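# Descriptive analysis of the structure
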Amino acid sequence: MFVQEQQEIEVRIRAYCAEQGIPLNEIKWSALPFSGEWGISTSFFAAAAAEARSGKSVNVPQRAQEIAEQAAGLIRNVAGIARVEAIKGYLNLYFETPIYARRVVDAVLEQGRDYGRGAPKGERVMVEYAQPNTHHSFHIGHARNVVLGEALARLVEFAGFETIRASYPGDLGLGVITVLWAYNKFYKGQEPQGVHERGQWLLKIYVEATALLEPKENETPEEKAQREAYEAERREMYRKWDAGDPEVRALWQMTREWSLEELRDILRLLDVKIDVWFFESEVDEPAKQIVEELIARGIADDERPSGGAVIVKIDEKLGLTKEKYRTNVILRADGTTLYLTKDLALAKIKFEKFGVDRSIYVVDVRQSLHFQQAFAILRLMGFPQAEKCYHLGYGFVSLPEGAMSARRGRVVLFKDVIDDAVRRALAVESAKAPDLDEEQRRQVALQVGLGALVYSMLAVDNNRDMVFDVDQALSFDGRTGPYIQNAHVRANSILRKAGQIPQQAAFTHELTAHEVTLIDLLARFPETVQQAAGEYRPLVMANYAYDLANAFHSFYHSVPVLQSESESTRAARLRLVAAARQTLANALALLGITAPEVM
RNA sequence: GCCUCUGUAGCUCAAUGGAUAGAGCACUUGACUUCGGAUCAAGGGGCUGCGGGUUCGAAUCCUGCCAGAGGCGCCA
């Protein structure tokens, strides 16, 4: 934001240090850590320590303070700097607030929705997320995946990357076949009405089927015979599916579509627009080709002649002596492909067909070894993009009563949580905003309910496991989505009453600490976007959004806007409120949370 | 056996080598005839799992333990 001034100061400090023979490396600026103060600071410990290492006998903290004092002397008369201080080895620069306040607020209002957007980086990135299996219903664990992936996609896009959103549902495998078998045997021809009813029904069938197929303790000979008969039927179903039996394929297509309909509805609810759909069933053939390619190129070893599988000895091929990536099977002895094989084929498609430079996988952390192996094999295959493949793993979501288990039907369905969230939001809303019409009330309740849920999932670092507690996830008080949305609503409310936003304002009034804190945060938004995107961490933006809302709420309470003491102060504060509203909206948008006008 | 992640206030979590380790929830107290109280202001609450080390400086990096979770060639 203040690049020119900062550079001028750096030049002076560098020139001085060079003259004095002080070994100064880089000058790292950071924001002043004092609340209500606005400026930047740097420290000289590194330079002092370097002197100490070079043989001079110096007390490092003392020497750092000396250098800071001397540096402070150089900056007494720089335009835009109101005050300079050297303290405890730090050099603190306090900004001249009228100049900077105006500059920040003008920039936000000029750029509007684009405030904070990074310059194009000339790189294409694909974010793969939303990979639930079909023939199940969408639960709260899947929601963490989608919420995280969407926030990440929005962040990298806004930061300047050309971004492609990809979904990769698992639409084949034993779980899918199990549902087909049970449906065909017990429910053939039936079909519940309603998108979510159908999706959830498939899960019920799966749970029932699993119970029938699982060995029980102390089972009687009859029970055992029954179970084995079922098992044989399921195997037969798998065989028919594999052989492309038209009837089984049609059944598969129909039920698969039920699941995908539900998935699409949930994505629509979360405002997720997937650009490219990959299906596991569609990469099966390319995967088999990859196997041949890897054998031909000497990367994979074919042990089929001796009754084995096709394997890649990754460590050996990379020349590693210590066990790291180990050895992995890429084709079973029976000639069928595996998850890893398909991911290799899919990566090749991403690189070659979609021209992806950088590939991010938002997948459960339990698969981190799998992705390390996949990336290592991609390196062996010579893809330069392999270096820019990144697995964003996230901890799994469990329930207060223990791990979720689709097999046992012990899951919390996303749809149920959302319905609950809307109910709760409606209850609060009818007390807080009684004059909304029915349609608007419904819409706001959905925005607020979703805001609470989404924020609760983004406010925990991705590598941590999470226990999903409904009351906590759907809380509207404190550090929550609705708290941030409410700041936006309040800002909006002031501006609505004001009628219009003044075209310009000089910030010449005495700024309160609350105003300074708020403007400081607004100024930091662009760099926060870059940090969050660069580290692939939506949490960084989630924290920022809360801090900004918090600063606004405090400002709101203690600083009058519409009843400011003078017209010029009123104009400045109105523009500040407008800038805060805009930045809150931009930050929320990056998290995938809508910013309502009223609530 | 090997590898990865986690351990911070009563609870849920921030803080990725810098200044006095911060929020929310819960608890106590105060603030609506004034821009919306889904809010604000204030208070108590800490051996950052334990021991060593590196550094001017460590919750953060290294190392050894302890505790929890996860992963490790024909599941996905």
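What you see is a predicted model; the values in this text were computed from it and never measured. (Residues numbered from 1 in each chain as written. Chains lettered and ligands numbered in written order. Predicted model: local features only at pLDDT ≥ 70, side-chain atom pairs only at ≥ 80, totals over all residues. Heavy atoms only, no water.)

## Digging into helix α13 (residues 368-380)
In this model, α13 (13 residues) spans 18 Å end to end at C-alpha, consistent with the 18 Å of a helix rising 1.5 Å per residue. The complete set of buried residues in α13 reads H370, F371, Q373, A374, F375, A376, I377 and L378. Looking one or two residues past α13, G382 carries a phi angle of roughly 90°, positive in sign. (Helix = DSSP H or I, 4+ residues; strand = E, 2+ residues; numbered from the N terminus. Expected span 1.5 Å × (residues − 1). Buried < 20%, exposed > 50% of the residue type's maximum accessible area, 1.4 Å probe, protein only.)

## Points about the pattern of salt bridges
Going through the model one piece at a time under the given rule, you end up with 52 salt bridges. A salt bridge links R235 to E231, with the shortest nitrogen-to-oxygen separation between them at 4.0 Å. A residue pair is termed a helical-turn pair when its members lie 3 or 4 positions apart in one helix, as R235 and E231 do in helix α8 (residues 221-243) at four residues. Since its relative accessible area comes to 53%, R235 is described here as exposed. Residue E231 is classed as partly exposed on the basis of its relative accessible area, which comes to 22%. For D301, the salt bridge identified is with K317, shortest N-O distance 3.8 Å. Taken as a pair, D301 in strand β8 (residues 301-302) and K317 in helix α11 (residues 314-318) lie far apart in primary sequence, 16 residues in all. Residue K317 is classed as partly exposed on the basis of its relative accessible area of 31%. One connected set of salt bridges, linked through shared partners, spans E150, R154, E157, R165, D271 and K273. (Salt bridge = Lys/Arg side-chain N within 4 Å of Asp/Glu carboxyl O.)

## Things to note about the domain arrangement of chain A
Along its sequence, chain A is carved into domain 1 (3-95), domain 2 (279-394) and domain 3 (414-591). With centres defined by C-alpha atoms, the gap from domain 1 to domain 3 works out at 36 Å. Contacts between the two partners involve six residues from domain 1 and, on the opposite side, six residues from domain 3. Surface buried jointly by domain 1 and domain 3 totals about 480 Å² across both partners, of which 66% is contributed by carbon and sulfur atoms. Considering only the surface of domain 1 that becomes buried against domain 3, A31, G36 and W38 emerge as the three largest contributors, covering 88% of it. Here domain 1 is connected to domain 3 by zero salt bridges. Where domain 1 meets domain 3, there are two residue pairs in polar contact (both at pLDDT 80 or more). Residues of the side of domain 1 that touches domain 3, tallied by class, amount to three nonpolar, two polar and one charged. (Domains from an automatic or database assignment. Contact = heavy atoms within 4.5 Å. Buried area = accessible area lost by both parts, 1.4 Å probe. Polar contact = N/O pair within 3.5 Å; in protein donor to acceptor, adjacent residues only side chain to side chain. Nonpolar A, V, L, I, M, F, W, Y, C, P; charged D, E, K, R; others polar.)

## Some remarks on the confidence of the model for chain A
Summarising the model, chain A shows a mean pLDDT of 94, and 100% of its residues fall at 70 or more. Across the assembled chains, the prediction reports ipTM 0.96 with pTM 0.95. (pLDDT = per-residue confidence, 0-100.)

## A short note on the protein's contact with RNA strand B
For RNA strand B, the set of nearby residues contains 63 residues, the closest of which are Y90, V329, R332, K432 and Y483. Among the residues forming the surface near RNA strand B, the class breakdown is 32 nonpolar, 15 polar and 16 charged. (Near = heavy atom within 4 Å.)

## Some details on unusual backbone geometry
One non-glycine residue with positive phi stands out, namely K88, at about 50°. Looking at the element boundaries, K88 is found in the loop between β3 (81-87) and β4 (90-95).

## Some words on the packing of aromatic side chains
Taken as a whole, this structure holds 26 aromatic pairs when the rule is applied. Arranged with centres 4.5 Å apart and planes meeting at 45°, the rings of F95 and Y100 form a pair that is tilted. With respect to burial, F95 and Y100 carry one shared label: buried. Ring centres of W241 and W252 lie 5.3 Å apart, and the angle between their planes is 80°; this geometry places the pair in the edge-to-face category. Taken together, the positions of W241 in helix α8 and W252 in helix α9 (residues 246-269) put the pair 11 residues apart, joining distant regions of the chain. Residue classification places W252 among the buried residues on the basis of a relative accessible area of 4%. (Phe/Tyr/Trp six-rings, centres within 6.5 Å; stacked < 30°, edge-to-face > 60°.)

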